[in-house]
Amino acid sequence: MRENPFPSWPQPTERIKQEVAQCIHEEGWGIGSRVIDRLCELFADYHDSKYAIATNSGTTALWVALKAAGVKAGDEVIVPAYTFIATASSVLLANGIPVFADIDIKTGNIDPKSIEEKITSRTKAIMPVHIGGSPCDLDSINLIAKKHGITLIEDAAQAHGAEWNGRKVGGIGTGGCFSFQTSKNMTAGEGGIIVSNDEPFIDKCFSYYNCGRVREGGWYEHRHLGGNFRMAAIQAAVLIPQLDSINDFLTVRESNRNLLVSAMSNIDGITPLEQYPSVTRSANHLFICRFDSSHFSGISRETFFEAMQAEGIYTYQGYKPLYREDLFIVDEKEYPWLEGIDYKNMSFPYTEKFSEKESVWLKQNYLLGSSQDTQDVINAFEKVTNEMRNNPNLFLNREKNN
Ligand SMILES: Cc1ncc(COP(=O)(O)O)c(C=O)c1O
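The paragraphs below set out a description of the structure included in this document. Just so you know, these numbers come straight off a predicted model, no measurement behind them.

Criteria and thresholds
Residues numbered from 1 in each chain as written. Predicted model: local features only at pLDDT ≥ 70, side-chain atom pairs only at ≥ 80, totals over all residues. Heavy atoms only, no water. Core = buried A, V, L, I, M, F, W, Y, C linked by side-chain atoms within 4.5 Å. Buried < 20%, exposed > 50% of the residue type's maximum accessible area, 1.4 Å probe, protein only. Contact = heavy atoms within 4.5 Å. Near = heavy atom within 4 Å. Polar contact = N/O pair within 3.5 Å; in protein donor to acceptor, adjacent residues only side chain to side chain. Areas by Shrake-Rupley, 256 points an atom, 1.4 Å probe, with all protein chains shown as cover. Helix = DSSP H or I, 4+ residues; strand = E, 2+ residues; numbered from the N terminus. 1 Å grid on protein atoms, 1.4 Å probe; cavity = no way out; pocket = protein on both sides within 12 Å on 5 of 7 lines; lining within 4 Å. Points joined across faces, edges and corners; volume = space filled by probe spheres on them. Nonpolar A, V, L, I, M, F, W, Y, C, P; charged D, E, K, R; others polar. Salt bridge = Lys/Arg side-chain N within 4 Å of Asp/Glu carboxyl O.

### Some words on the nonpolar core
No. 1: Grouped together as the largest cluster of nonpolar side chains are 87 residues, with contacts concentrated most on Leu39, Phe100 and Ile126.
No. 2: Among all residues touching Phe100, those that are not within four sequence positions of it are Val79, Pro80, Ala81, Ala88, Lys118, Leu322, Tyr323, Phe328, Tyr343, Met346 and Phe348.
No. 3: Grouped together as the second largest cluster of nonpolar side chains are 27 residues, Cys289, Ile299, Met308 and Met388 included.

Below is the structure:
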């Protein structure tokens, strides 16, 4: 059904080229560059936050934020079991213990009930993710964090521009971290940023991202175990113009999502992920829906992927449950503070059902196309699901022979 590619990403513009050209004539291409300060001011402002610190990746932003939240060896941090590895690996890198919580299968986001069940006296932080750019249930999670005196750090790596109750995500928790890695809705190839409305927190972030220096201290004065996790000026120059174009891209993404959601309401067995009622804007970084094989005579999701691929539409599973990653077959010599934590025998019913049987992802650039491009995606979904319903044996026999 489709041979043409979808819009490429990232998209270079004249404005980006000009900013970069100007930036290389700046004094200093790194720390202290006015270009980096400008990005921080503009991004913080766009994200309804007072402060921002630009880092060299989303992963280092998470690590810095966790350290600033006071995570020390053996402290527990609650994270969703369904997310990109960095949400959990940043906890390990801070010598903390990633404690997984299950997801709300309707939205793909962390389930606040599961968070509550995981709280212990060692819980230092909750780090939910706005999965695919769709905000998690921030009101419920905030309440839990406040009730137990735990810090809330938002992993907003995929959620540039997303809003909860009319307020941009990131600064709703104590701090929020974004990624500018090449696939993200705003990108410099690599990079990250932490936003916050909490001055003492951001001052601690400054120290951890800047080799352990403190704001009022000297260049060779180091009070914490930090690192050089700073962004370069040229990355900031690539990003600044994108703050002027992001809203237009978000509008395109939203309109394509609406077309997909509306078409899928007529396809039994395919259900788009829902958004919570308080989501006033999703970043629609990814489009994710659920495949229910019981509507298709038990034909597997993987066979559906193959049939979609034959129509020129690439769909895929996305994440697996993080506790199933080899990383979590823990070597206790390397991670002694994880002794006795049994990731191997962990099991979360919704994470597993979603990841292993149901999740269907579309790549982020598919949401950047025209309405005709999106119609091609819809046509492929309709064609493949109709064929699976009308001629299931064709697919089931193919599965048997594979
Ligand atoms: C949910 C989530 N958290 C963290 C990260 C880490 O960001 P980065 O790749 O910039 O280190 C990513 C990005 O890939 C992500 O999707």
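### Description of the site of the ligand
No. 1: Taken together, 16 residues lie around the ligand, and Gly58, Thr59, Asp155, Ser179 and Lys184 are the ones closest in.
No. 2: Contact distances for the ligand include 2.8 Å between an oxygen atom and a backbone N or O atom of Gly58.
No. 3: A distance of 2.8 Å separates an oxygen atom of the ligand from a polar atom in the side chain of Lys184.
No. 4: Its free accessible area being 390 Å², the ligand has 92% of it covered by the protein chains.
No. 5: Among the secondary structure elements, those contributing two or more residues to the shell around the ligand are helix 3 (58-68) and helix 4 (85-93).
No. 6: Tallying contributions element by element places helix 3 first for the shell around the ligand, with three residues.

### A few points about the layout of surface pockets
No. 1: Of the volumes computed, that of the largest pocket is approximately 510 Å³.
No. 2: Along the wall of the largest pocket there are 28 residues; nearest its centre are Phe84, Gln158, Gln181, Ser183 and Lys184.
No. 3: Listed by contribution, the elements that provide at least two residues to the lining of the largest pocket are helix 3 and helix 4.
No. 4: At three residues, the largest contribution of residues to the lining of the largest pocket is made by helix 3.
No. 5: Its residues placed into classes, the lining of the largest pocket shows ten nonpolar, 14 polar and four charged.
No. 6: Quantified by volume, the second largest pocket comes out at close to 240 Å³.
No. 7: Around the second largest pocket, the lining is made up of 17 residues, and of these Asp37, Cys40, Ala52, Ile53 and Tyr209 lie nearest the centre.

### Structural notes on the environment of Gln158
No. 1: Inspection of the secondary structure puts Gln158 in the loop between strand 7 (151-155) and strand 8 (163-164).
No. 2: Residue classification places Gln158 among the buried residues on the basis of a relative accessible area of 7%.
No. 3: Spatially, the C-alpha atoms of Gln158 and Glu41 are 20 Å apart, while their sequence positions differ by 117 residues.
No. 4: Those residues in contact with Gln158, other than ones at most four positions away along the chain, are His130, Ile131, Gly132, Gly133, Lys184, Ala283, His285, Leu286 and Tyr319.
No. 5: Side-chain polar atoms of Gln158 contact the backbone nitrogen of Gly132, separated by 2.6 Å.

### Thoughts on the pattern of salt bridges
No. 1: Taken as a whole and assessed by the stated rule, the structure comprises 18 salt bridges.
No. 2: Salt-bridge contacts for Arg324 lead to Glu352; the nearest nitrogen and oxygen are separated by 3.2 Å. Residue Arg324 is found in the loop between strand 15 (315-316) and helix 11 (349-358), and its partner Glu352 is found in helix 11; the two are separated by 28 residues along the sequence.
No. 3: Glu352 sits in the buried class, given a relative accessible area of 14%.
No. 4: Among the salt bridges present, the one from Lys353 reaches Glu358, with a minimum N-O distance of 3.2 Å.
No. 5: Classification of Glu358 by relative accessible area gives buried; the value is 7%.
No. 6: Taken together, the shared-partner salt bridges in this structure form one network comprising Arg15, Glu19, Arg38 and Asp244.

### Some points on unusual backbone geometry
No. 1: Note that the residue after Trp9, namely Pro10, is joined by a cis bond; omega there is 0°.
No. 2: The topology assignment puts Pro10 in the segment before helix 1 (14-23).
No. 3: If you check the backbone angles, Asn165 has positive phi at about 50° while not being a glycine.
No. 4: Locating Asn165 in the fold gives a position in the loop between strand 8 and strand 9 (167-168).
No. 5: According to the relative accessible area criterion, Asn165 is partly exposed, its value standing at 48%.
No. 6: A positive phi angle is found at Asn284, which is not glycine, with a value near 40°.

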